[in-house]
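# Residue-level structural notes
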Amino acid sequence: MIDLIDVTAGYRNRPIIKNFSLRLERGNFVVLIGPNGAGKSTLLRVMAGLLPINRGMRHLDGKDYERYSRRLFSQRVTYLPQDRNLSLPYTAGEIVLFGAYARHGLWETLGESEQRRAREALKQVGAAALFDRPVTELSGGERQRVLLARSLFAGGETYLLDEPTAELDPVEEERVMHTFQGLSRKGACVVMALHDLSLAARYGNQLVLLGKTGAIAAGRPAEVLAAGVLSRAYGVPLQVERSEGFIITRSEER
Ligand code: ADP
């Protein structure tokens, strides 16, 4: 469980996240939404313990982040950054197996069962066939799935994912969202930044809307996806239709 209490954080003397509090409990599926530059990635880095905070407190399972070694922290929290740069010619299988670092240390030989689990993780994102392919030869969407498989393989109780579906086609997107929904239903905690508001509404059980001036709203999709609230965050008039899910379009300016 992650607790952010009145956190302020940012870059040099420029706070991006201001007096922000959020409690993440088992089974939560939280989606961070908001315009470019609102601070979604920054908030994920704060939650991943990669960016220091200037004020407030952050706890993992009731203990201050400072009390965890990086390795112990990564056994519980898995973070997928937005950067999908894979420039070394490892195979997809090897990249996934690197996800075992938090459990085993880097140089320990991984046995058959870990290899099987790595294949299984690739299969979960529809990328089983990539196991022996060098990642330098993969497309953007394929690399993204390899990194997602690594996150799944690394496991942990909490997954922090920065735009995990950015380069995926709609079918792969649904598969990935469905996989993480399954994990959250089994008690994992999932936090992801997404641009697609309809997808966010369909899968998230809690949305956090960040605007240029900080967090604007947090709560159930129906509360956060009110046209007025969204329009304020994005700075353009937006229209929200509810049919089976939510359809958000830009409305005509009046
Ligand atoms: P989002 O993920 O919502 O697009 P970010 O968290 O990436 O937003 O960025 C929030 C703000 O922080 C932006 O104004 C961005 O320019 C700034 N920012 C992001 N990364 C850095 C950095 N490494 N150093 C300084 N400023 C940064």
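Preceding block: the structure.
Computed from a predicted structure; not experimentally measured.

A few words now on the overall build of the protein chain. Summing up its helical and strand segments, the protein chain has 10 helices and 12 strands in all. In terms of overall size, the protein chain behaves like a compact globule, its C-alpha atoms giving a radius of gyration of 19 Å where 254 residues would be expected to give roughly 18 Å. Taking the principal axes of its C-alpha atoms as reference, the protein chain extends roughly 60 × 40 × 35 Å. The buried share of the protein chain, taken over its 254 residues, is 50%. Across the protein chain, contacts joining residues at least 24 apart in sequence account for 62% of those joining residues at least 6 apart.

What follows deals with the pattern of salt bridges. If you walk through the whole model with that rule in mind, you get seven salt bridges. The residue Glu114 makes a salt bridge to Arg117 at a minimum N-O spacing of 2.8 Å. One end of the pair is Glu114 and the other is Arg117, both in helix α5 (residues 112–124) and three residues apart, which spans about a single turn. Using a relative accessible area of 36% as the deciding quantity, one classes Arg117 as partly exposed. Between Arg145 and Glu172 there is a salt bridge, and its shortest N-O distance comes to 3.6 Å. Taken together, the residues Arg145 in helix α6 (residues 140–154) and Glu172 in helix α7 (residues 170–185) connect sequence positions 27 residues apart. Accessibility assignment for this pair places Arg145 and Glu172 in one class, buried. One network of salt bridges, in which partners are shared, links Arg145, Glu172 and Arg175.

Okay, α7 next. Taking 1.5 Å of rise per residue, 16 residues should cover 22 Å, and α7 covers 22 Å from first to last C-alpha, within 8% of that figure. The set of residues buried in α7 consists of Glu172, Glu173, Val176, Met177, Thr179, Phe180, Gln181, Leu183 and Ser184. Contacts made by the buried residues of α7 are with β3 (29–33), α5, α6, β7 (158–162), β8 (189–193) and α8 (197–203). With a side-chain oxygen lying 3.0 Å from the backbone nitrogen of Val171, the N-terminal cap of α7 falls on Asp169. Gly187 occupies a position one or two residues after α7 and carries a positive phi of about 115°.

What follows is about empty space enclosed by the protein. Counted according to the given criterion, the structure contains one cavity of 30 Å³ or more. Approximately 40 Å³ is the volume found for the largest cavity. Considering the residues around the largest cavity, the lining is formed by Ile16, Ile17, Lys18, Phe20, Ala38, Leu210, Gly214 and Ala215. When contributions to the lining of the largest cavity are tallied by element, the ones reaching two or more residues are β2 (14–24) and β10 (214–219). Per-element accounting of the lining of the largest cavity gives the leading share, four residues, to β2. For the lining of the largest cavity, the class distribution of residues is six nonpolar, one polar and one charged.

Core analysis: the largest hydrophobic core is formed by 51 residues, its most contacted members being Ile33, Val146, Phe180 and Met192. At six residues, α6 tops the list of elements feeding residues into this core. Setting aside its immediate chain neighbours within four residues, Met192 contacts Phe29, Val30, Val31, Leu32, Leu161, Pro164, Met177 and Phe180. Core analysis: the second largest hydrophobic core is formed by 29 residues, Val30, Leu44, Met47 and Cys189 among them.

If you walk across this open sheet you meet the six strands as β6-β7-β8-β3-β9-β10, and the pairing is mixed. One side of each edge strand has no neighbouring strand; the edge strands of this open sheet are β6 (77–80) and β10. Between one strand axis and the next, the sheet turns through 15° on average, direction left out of account. Judged from the four bridges that link them, β6 and β7 form a sheet pairing that is parallel. From the neighbouring strand, Leu80 faces β7, where its bridge partner is Leu161. Together, β6 and β7 form the strand contacts of α6, whose direction differs from that of β6 by roughly 175°.

So, how was this worked out
- Residues numbered from 1 in each chain as written.
- Predicted model: local features only at pLDDT ≥ 70, side-chain atom pairs only at ≥ 80, totals over all residues.
- Heavy atoms only, no water.
- Helix = DSSP H or I, 4+ residues; strand = E, 2+ residues; numbered from the N terminus.
- Rg over C-alpha atoms; globule rule 2.2 N^0.38 Å.
- Buried < 20%, exposed > 50% of the residue type's maximum accessible area, 1.4 Å probe, protein only.
- Contact = heavy atoms within 4.5 Å.
- Salt bridge = Lys/Arg side-chain N within 4 Å of Asp/Glu carboxyl O.
- Expected span 1.5 Å × (residues − 1).
- Polar contact = N/O pair within 3.5 Å; in protein donor to acceptor, adjacent residues only side chain to side chain.
- 1 Å grid on protein atoms, 1.4 Å probe; cavity = no way out; pocket = protein on both sides within 12 Å on 5 of 7 lines; lining within 4 Å.
- Points joined across faces, edges and corners; volume = space filled by probe spheres on them.
- Nonpolar A, V, L, I, M, F, W, Y, C, P; charged D, E, K, R; others polar.
- Core = buried A, V, L, I, M, F, W, Y, C linked by side-chain atoms within 4.5 Å.
- Pairing = 2+ DSSP bridges.
- Axes fitted to C-alpha atoms, helices over the stretch in contact; angles between N-to-C directions.

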